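Descriptive structure summary
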Amino acid sequence: MSSEDPRPTSRIPGFYELPVRERIARLVEHGLLSPESAQLLTRGALPVEVADRMSENVLACHALPLSVGLNFRVNQRDYVVPMAVEEPSIVAAASNAARLVRISGGFVAEADPPIMTAQISLDGVPQPEQARARIHAEKARWLEAADRVIPSMVERGGGASDLEVRVLEPESGMLVVHVYVHVGDAMGANLVDTVAEYLAPLLVAEIGGEVGLRILSNLPLRRCVRVECQVSSEALGGDRLADRIVRASRFAELDVFRGVTHNKGIMNGVDAVALALGQDWRAIEAGAHAYASLSGRYRPLAVWTRSEDGVVGRLEMPLAVATVGGSTRVHAGVRAAFEILRVQDARELATVMAAVGLASNLAALKALAGEGIQKGHMKLHRRKEAASTEAGIERSERSGA
Ligand code: MEV
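A short tour of the structure in this document, coming up. (Residues numbered from 1 in each chain as written. Predicted model: local features only at pLDDT ≥ 70, side-chain atom pairs only at ≥ 80, totals over all residues. Heavy atoms only, no water.)

Thoughts on unusual backbone geometry
So the rule is basically this: Accessibility here uses a 1.4 Å probe with only protein chains present; expressed as a share of the type maximum, an area under 20% marks a residue as buried, one over 50% as exposed, and anything in between as partly exposed. Starting at the N terminus, helices and strands are each numbered in turn, a helix being any DSSP run of H or I of at least four residues and a strand any DSSP run of E of at least two.
A positive phi is found at S89, a non-glycine position, where the angle reads about 85°. Its relative accessible area of 15% is what places S89 among the buried residues. In the Ramachandran plot, Q127 falls in the positive-phi region, its phi being about 45° despite a non-glycine side chain. The topology assignment puts Q127 in the loop between β4 (115–123) and α5 (128–137).

Pasting the structure below:
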């Protein structure tokens, strides 16, 4: 614990051996969960009446295991990280990797300011190149116009910050205007959609053509997160394993079939945190894979290189996440997850999610480059199999089969 930031440690040895209720009690004792939220988690955190207002044609709530990843330390702060995922071994593997990273000081991460992209496409614009130049020349006026429609975001320090125009197809006069908007701690989809819908007819009035689409882009290139960590060969289990991890990373750089699986392992961690915290994980997934392909070739989001005494991992990806809006307030389980995680804002949340992604990647590469994935995996898979057998037995007993 640092003196200016008295946060509970994320090291809770023996946590996995406790019964579920005692794990919750431990988080309460630890100061990470209020007794009220603990009760909510025990009872089930999403009443069907609330669910009925979140979606349509609702029948029930679809449950997933809600776990916590332990041992995480990011930018000198400890985090107990809520993760919702059905696949065995993801939480244990990420927690183990975080423990190894912790020995070398933890993860170092930075997130860009929360800038989202509004896209306005226009069709049939006469003289599209001149139109592009005209909009660019009046950039300040367009940004002011955009701000008019999102005054409360501007009041909170956000708002339109930049604009770009690209001609996509000169012959048909298709061009696209990007308006970059600082969305504060929101994911920002509603804000940028509002901006796009407001500006589109004004643009047509000025440069002609017809309004096309007005929607955010799920490739928020100006909202990336970068995270880095080091692990010593000693902590990994030797120089040979360190070398093999680096070769595994190189394999992912050279081959798309491996690259996509490598990235899937990263998203195991990122998505699990996203789900626990009520984030738009489809948007995150879409952005991640588009970013991986940006150079024209699908690439790993994280790469590993050798350092003098071990390995260094670096991950970079776009990450549009929120600490306000969406289901962050409606879903009591999500509120409890935020209580446990204790992040101040969306940028801090992005750094932690990226660290969990990098930890998941390290865990996978360490297993694959070492004894293979099946040994550890299968032990945990067998627990799940046993659970499904027990559930089957109960069901057939109830039905008298
Ligand atoms: C399984 O969910 C994820 C892995 O396939 C990732 C990887 O191969 O790097 C183990």
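Comments concerning the side chain of S249
Stated precisely, the cut-off is as follows: As used in this structure description, the phrase polar contact means that two N or O atoms lie within 3.5 Å; if the pair is within protein, one of them must be able to donate a hydrogen and the other to accept it, and residues adjacent in sequence are counted only when both atoms belong to side chains. Two residues form a contact once any of their heavy atoms are found within 4.5 Å.
Secondary-structure assignment places S249 in helix α10 (residues 239–254). For S249, a relative accessible area of 0% gives the class buried. In this structure the side chain of S249 is engaged in a polar contact, spanning 2.9 Å, whose partner is the backbone nitrogen of W304. Ignoring sequence-local partners within four residues, the contact set of S249 consists of H262, A302, V303 and W304.

With respect to the site of the ligand
As a reminder, the rule being used: Whether a residue is near a molecule or strand is decided by its heavy atoms; if any one of them lies within 4 Å of it, the residue is near. Exposure was quantified through the Shrake-Rupley algorithm and a 1.4 Å probe, taking into account, for residues, occlusion by the shown protein chains and nothing else. Gly is put with the polar residues, along with every residue not named as nonpolar or charged; the nonpolar set is Ala, Val, Leu, Ile, Met, Phe, Trp, Tyr, Cys and Pro, and the charged set is Asp, Glu, Lys and Arg.
Residues in contact with the ligand, as listed here, are E87, R258, T261, H262, K264, G265, N268, A364, L368 and I373. One nitrogen or oxygen atom from the side chain of E87 is found 2.7 Å from an oxygen atom belonging to the ligand. In the environment of the ligand, an oxygen atom lies 2.7 Å from a nitrogen or oxygen atom belonging to the side chain of R258. For the ligand, whose unbound accessible area comes to 300 Å², protein coverage reaches 84%. Listed by contribution, the elements that provide at least two residues to the shell around the ligand are α11 (256–276) and α14 (346–369). Class assignment of the residues belonging to the shell around the ligand gives a composition of 3 nonpolar, 4 polar and 3 charged.

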